[in-house]
Amino acid sequence: MKTKEEIIRELREYSSGKVKLAIVDIDGVLRGKVIHRDKALSILEKSFGFCDVVFGWDMLDTLYDNADFTGWHTGYPDAKARIDLSTYRRVPWDHEIPFFLADFRNEKEEGLEICPRNLLKKIIRQASEIGFSPVFSQEFEWFNFKSGGAVGDPIPMTGGMFGYSVLRASQRSPFYNDLFDFMGRFGIPIEGLHTETGPGVYEAAILYSDALEAADRATLFKTAVKEIGARHGITPSFMAKWNETLPGCGGHLHQSLWDAKKTQNVFYDARDPDSMSPLMKNYLAGQLHCLPYLMPMFAPVVNSYKRLVEGAWAPTTATWGVDNRTTAVRVLKGSPEATRIEFRVVGSDVNPYLAIAACLASGLYGIRKKMALTIPKTVGSGYSNKEAAPLPRNLQEATVAMKNSEMATQLFGEVFVKHFCQTREWEWRQYSKAVTDWELKRYFEVI
């Protein structure tokens, strides 16, 4: 991380005199603007105004009619926002323009409760207060399409089911290499990049870091992939499931807890057959207990639930197993440094701040409650485990469960839960009134 003085010097020396800044909305979409260097210098250490409509509309800029936070009843005023100097980086594919993330503040200059980045900061503080340093990393699967194709009939960048293919990667080597190289220069180091099974599918694992930086990297990664793809005539999509017959796209979260000095992974215990410490079992028990009530934070849109079906490399029940890719939580045992949890419910369509906040908060809940890991380890197919609690089947069911959950309010606060559930109710309403191609094909002539 550069010092404030180093950042100021680089801004003054940047020849174009422009700075890009962005905030993250409730759907994990970056909303931002380019401002003059002098404006950026004047607000480096104080609040500035940013229209609060970014929390008053959905991802397509359609205004909510059911949200209390802002709307016609408030006049959509400016909210206070503040640059986070720790997020400073340069955009290597856009003339090295300086870039910052910012957070929203309330009138008391405290973190705005419905701001996803602030929510994660709040949960991280809770972990720190009881002596833990959370370490996370996210991996994404996504499809890449030839730009210019119709939205209803996209054409994959490459053909065939060819996971881990050296050939397919080399056929798009300029794009493939730009992804890896530009991400590294943008402060998003890629641990691994490869093709996944499915036409035009890539998977990238982002190098681990502390929880807030991990969420920053994951959120910026998705936008960066789209910007880099556009340079190569490619349209990436992070939909959880774009085609019924093809695999869905995961956004799995790897996580561990370390001590305050970050010298010891407190998940590891050499005496346990699965290398799991008692504290790790508490954490895992908390995640499994809370999972059915926090699903909208892991599967935030209607399409998310099309991925969570049997036989599609995605979980359908609140299960766990050791190195088992059919369960909701995959425990990875190994060295003292590498023992961790892979949370596999999350899709690539997720808001990383909310998913990481939910994982961490539910794990800490299990630790505080000293919850015993009573759910037995799944050996073999998780789809065959009929005793495990099923996950909600759609966004409406998931939102009702979260809205009525005292535990969700306890973890995240009434203000956030109310606003977030209002936005998910809105999302379900938009879907419910739409007439789909499936309905036309099924009913138009025959019924």
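Please read these numbers as outputs of a predicted model, since none were measured by experiment.

Things to note about the overall build of the chain
Here's step 1: A count of helical and extended segments in the chain gives 14 helices and 14 strands.
Here's step 2: For a compact globule of 447 residues, the expected C-alpha radius of gyration is about 22 Å, and the chain comes in at 22 Å, within 12% of that figure.
Here's step 3: By its C-alpha atoms, the chain is 60 × 60 × 50 Å across when sized along the principal axes.
Here's step 4: Counting over 447 residues, the chain shows a buried share of 57%.
Here's step 5: A total of about 20,000 Å² of accessible surface is found on the chain, and carbon and sulfur atoms cover 53% of it.
Here's step 6: Between the averaged position of the 54 positive side-chain charges in the chain and that of its 54 negative side-chain charges there is a distance of 2 Å.

Quick notes on the layout of surface pockets
Here's step 1: The calculated volume of the largest pocket comes to roughly 2,300 Å³.
Here's step 2: Together, 48 residues line the largest pocket, and V151, M239, K241, W242 and N303 are the ones closest to its centre.
Here's step 3: Contributions of two or more residues to the lining of the largest pocket are made by β6 (132-146), α6 (211-231), β10 (234-237), α13 (414-432) and α14 (437-443).
Here's step 4: With 5 residues, α6 is the single largest residue contributor to the lining of the largest pocket.
Here's step 5: Taken together, the residues of the lining of the largest pocket sort by class into 19 nonpolar, 14 polar and 15 charged.
Here's step 6: Taken together, 22 residues form the lining of the second largest pocket, with V135, S137, Y208, E337 and R340 sitting closest to its centre.
Here's step 7: At the level of elements, β6, β8 (201-206), β9 (209-210), β11 (253-259) and β13 (329-332) are the ones that each hand at least two residues to the lining of the second largest pocket.

Structural notes on the nonpolar core
Here's step 1: W142, F221, F298, F412 and F416 are the most contacted members of the largest nonpolar core, which has 105 residues in total.
Here's step 2: Once residues lying within four places of it in the same chain are set aside, the contact partners of F416 are I26, E113, I114, L119, M297, L354 and M402.
Here's step 3: Core analysis: the next-biggest nonpolar cluster, separate from the first, contains 28 residues, F50, V54, F104 and L112 among them.

Notes on the pattern of salt bridges
Here's step 1: What the rule picks out here adds up to 29 salt bridges.
Here's step 2: The partner of D269 in a salt bridge is R271, and the shortest N-O contact between them spans 3.0 Å.
Here's step 3: Residue class for D269 comes out buried when judged on its relative accessible area of 12%.
Here's step 4: We classify R271 as exposed; its relative accessible area is 78%.
Here's step 5: E425 is the partner of K403 in a salt bridge, and the nearest nitrogen-oxygen pair spans 2.9 Å. With K403 in helix α11 (residues 395-403) and E425 in helix α13, this pair connects stretches of sequence that are 22 residues apart.
Here's step 6: The class for K403 is partly exposed, based on a relative accessible area of 47%.
Here's step 7: Given the relative accessible area of 26%, E425 is considered partly exposed.
Here's step 8: Residues joined by salt bridges that share partners form a network here, namely D84, D103, R117, K121 and D216.

Considering the environment of E107
Here's step 1: Within the element layout of this structure, E107 appears in the loop between β5 (97-105) and α3 (116-129).
Here's step 2: Residues E107 and A79 lie 28 residues apart in sequence; the distance between their C-alpha atoms is 8.4 Å.

So, how was this worked out
- Residues numbered from 1 in each chain as written.
- Predicted model: local features only at pLDDT ≥ 70, side-chain atom pairs only at ≥ 80, totals over all residues.
- Heavy atoms only, no water.
- Helix = DSSP H or I, 4+ residues; strand = E, 2+ residues; numbered from the N terminus.
- Rg over C-alpha atoms; globule rule 2.2 N^0.38 Å.
- Buried < 20%, exposed > 50% of the residue type's maximum accessible area, 1.4 Å probe, protein only.
- Areas by Shrake-Rupley, 256 points an atom, 1.4 Å probe, with all protein chains shown as cover.
- Lys, Arg positive; Asp, Glu negative; His and termini not counted.
- Charge placed at Lys NZ, Arg CZ, Asp CG, Glu CD.
- 1 Å grid on protein atoms, 1.4 Å probe; cavity = no way out; pocket = protein on both sides within 12 Å on 5 of 7 lines; lining within 4 Å.
- Points joined across faces, edges and corners; volume = space filled by probe spheres on them.
- Nonpolar A, V, L, I, M, F, W, Y, C, P; charged D, E, K, R; others polar.
- Core = buried A, V, L, I, M, F, W, Y, C linked by side-chain atoms within 4.5 Å.
- Contact = heavy atoms within 4.5 Å.
- Salt bridge = Lys/Arg side-chain N within 4 Å of Asp/Glu carboxyl O.

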